[in-house]
Amino acid sequence: MRRLSQSPTEAGFVQNPYPFYDAVRAEGAFVLWEEYGIPVTARATVVGAALRDRRLGREAPPEFAPAIPPHLAPFYAVEEHSMLELEAPRHTRLRRLVLRAFTSARITALAPEIAELTNTLIDRMPPGGCDLLEYFAKPLPVIIIARLLGVPEDRAPDLLRWSNAMVGMYQAGRTRATEDAAVRATEEFVDFLRLYIAERRSRPADDLISHLIAVEEAGEHLSTDEMITTCILLLNAGHEATVHTIGNGIKALLEGGFGGYWLTKSRVDGTVEEILRHDPPLHLFTRWVYEDLSLAGTEFKRGDRVGLLLAGANRDPGPWEEPARFNPARPVQTHFAFGAGAHFCIGAPLARLELAASLPILFQRLPELRLAEAPRYANLYHFHGLERLLVRY
């Protein structure tokens, strides 16, 4: 297997990781990424096959499970109940129960609320210009998820702070300070949700936490710990990814000259899919190998790990013509921004709705919207999102 070296924190890579993904793809189905010590692939057919292959998964085989340092025990106690880190049968049970509460009808009903919040956030923007990440991309998804869960909206700053600290655990170059901050955030978030779930047990309301408490299938309920982890997952995965997607999407639209004239009703859905394909928020998704197997002509053994470069697969010239070009008019095809298979993102409908409901209003309300400076990406890998998004209007 060919080896390639690329620091995920190197400045050039942070600003544009796609040439590295092109190099990975050109070398073969899998290349050993030296800094991570695992084989990775950026080919769409291989990524799609691996995501759907049940011989690979997120949960470590017991004999290969990494030891958890004592100081990280509170963080991984929450991860222990996360759908994102589990496989069947626990994953199947949790996902089925959560989907009985997190229904498509409940998500679709949020459209007027997202539109109203979009207008409110625009009204609060300072005259002349601002950082759209701070005034729009960050508050919108965290307020929506707070309302969906049923937690007080004035706790949104805490939710945002906890989320930012916890996802630091997944970023390249994390330090002991990063880990300590993540553990503190985890403990505060868990304490808050435990009290709030207890309150909702005695006083149910029409919110997601109450519905998670009530949901049942074949005598099965979610435990309090499972509900806590599910709420944290919905916030951390949904909020962080949506912030980056909104920011990356507005950047692409403005750089491409696609203003308010473009986002007509018939074009919104296709534009949202192109935003997700072209510059998605999650770039690397790892899987454990559960049995000896051959994948795209490469041999793997139980206990191996593989890295799926979702953003690289989204720029594969096999499925997409001129894949590096942002083209919101291109025909919609399956992309990997939300993964695929059993772990397809449970929050994908909400993320799509937030983009589809908010972006047309933003561009219609601010017809002179333009970049005030060239946007720069933050050093967040394996996420990919902007440091700030300074605009004038």
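Only a predicted model underlies this, so the values are computations on that prediction, with no experimental measurement involved.

A. Looking closely at the overall build of the protein. Looking only at helices and strands, the protein has 16 helices and 13 strands in total. Here the C-alpha atoms of the protein give a radius of gyration of 21 Å, agreeing with the 21 Å that 2.2 N^0.38 yields for 393 residues. Considered along the principal axes of its C-alpha atoms, the protein spans approximately 60 × 55 × 40 Å. When contacts within the protein are restricted to residue pairs at least 6 apart in sequence, long-range pairs at least 24 apart make up 72% of them. Total accessible area on the protein is roughly 16600 Å²; 53% of this is exposed by carbon and sulfur atoms.

B. Inspection of the sheet that holds strand S3 (residues 38-41) at higher detail. Sheet architecture is open: six strands sit in the order S1-S2-S3-S9-S6-S4, paired in mixed fashion. The open sheet has two edge strands, strand S1 (3-4) and strand S4 (56-57), and neither has a second partner. Seen against the sheet, helix H3 (residues 44-52) touches S3, S4, strand S6 (284-289) and strand S9 (305-309) and runs at an angle of roughly 125° to S9.

C. Examining helix H16 (residues 348-365) more closely. Spanning 18 residues, H16 covers 26 Å between terminal C-alpha atoms, matching the ideal 26 Å at 1.5 Å per step. For H16, the buried fraction is high: 13 of the 18 residues fall into the buried class.

D. Fine view of the state of the cysteines. Within this structure, the stated rule accounts for zero disulfides. Of all cysteine sulfurs in the structure, the one in Cys-231 sits closest to Cys-345, which takes part in no disulfide; the separation is 15 Å.

E. Focus on the sheet that holds strand S5 (residues 129-131). The three strands lie next to each other as S5-S13-S10, forming an open sheet whose pairing is antiparallel. The strands lining the two open edges of the sheet, one partner per strand, are S5 and strand S10 (370-371).

F. Spotlight on the pattern of salt bridges. Under the criterion given, the structure shown has 28 salt bridges. Between Glu-255 and Lys-251 there is a salt bridge, and its shortest N-O distance comes to 2.9 Å. Taken together, the residues Glu-255 and Lys-251, both in helix H13 (residues 224-255) and four residues apart, mark about one turn of the helix. Classification of Glu-255 by relative accessible area gives partly exposed; the value is 47%. The exposure class assigned to Lys-251 is buried, which follows from its relative accessible area of 12%. Here the salt bridges share partners, and the residues they tie into one network are Arg-155, Asp-158, Arg-161 and Glu-188.

G. Here's a closer look at the packing of aromatic side chains. For the coordinates displayed, the defined rule picks out 19 aromatic pairs. Their ring planes at 90° and their centres at 6.2 Å tell us that Phe-13 and Tyr-21 sit as a pair that is edge-to-face. Taking the relative accessible area as the measure of exposure, Phe-13 reaches 3% and is therefore buried. Summarising the aromatic geometry, the rings of Phe-20 and Trp-33 are spaced 4.8 Å apart at their centres and angled 50° between planes, so their arrangement reads as tilted. Taken as a pair, Phe-20 in helix H2 (residues 18-27) and Trp-33 in strand S2 (residues 31-33) lie far apart in primary sequence, 13 residues in all. For the residue pair Phe-20 and Trp-33, the accessibility class agrees, reading buried in each case. Above the plane of the ring of Trp-288 lies Arg-305, whose end atom (NZ or CZ) is 5.1 Å from the centre.

What counts, and at which threshold
- The numbering scheme is per chain: residues are counted from 1 as the chain's sequence reads.
- Where totals are concerned, whole chains, interfaces and linings use all residues; where local detail is concerned, this predicted model gives features only for residues with pLDDT of at least 70, and gives and counts side-chain atom pairs only at 80 or more.
- Side-chain figures throughout are based on the complete set of non-hydrogen atoms in the structure, without hydrogens or water.
- Only DSSP runs of H or I with at least four residues qualify as helices, and only runs of E with at least two residues qualify as strands; both kinds are numbered from the N terminus onward.
- Atoms counted for the radius of gyration: C-alpha only. Globule rule: 2.2 Å times the number of residues to the power 0.38.
- Residues are treated as being in contact if the distance between any of their heavy atoms lies within 4.5 Å.
- Computed by Shrake-Rupley with a 1.4 Å probe, the accessible areas treat only the displayed protein chains as cover when residues are assessed.
- When DSSP finds two or more bridges between two strands, those strands count as paired.
- With axes taken as lines fitted to C-alpha atoms, and helix axes fitted only over the stretch in contact, angles between N-to-C directions fall between 0 and 180 degrees.
- The length a helix should cover is 1.5 Å for every residue beyond the first.
- A 1.4 Å probe rolled over the protein chains alone gives each residue an accessible area, and that area as a share of the maximum for its type sets the label: buried under 20%, exposed over 50%, partly exposed in between.
- Cysteine sulfur atoms are paired as a disulfide whenever they fall within 2.5 Å.
- By definition here, a salt bridge exists when the distance from a side-chain nitrogen of Lys or Arg to a carboxyl oxygen of Asp or Glu is within 4 Å.
- Only rings of Phe, Tyr and Trp enter the pairing, Trp through its six-membered ring, and a pair is recorded when the two centres are within 6.5 Å. The plane angle decides the type: under 30 degrees is stacked, over 60 is edge-to-face, the rest tilted.
- A ring has a charge above it when a Lys NZ or an Arg CZ is no more than 6 Å from the ring centre and no more than 35 degrees off the ring normal.

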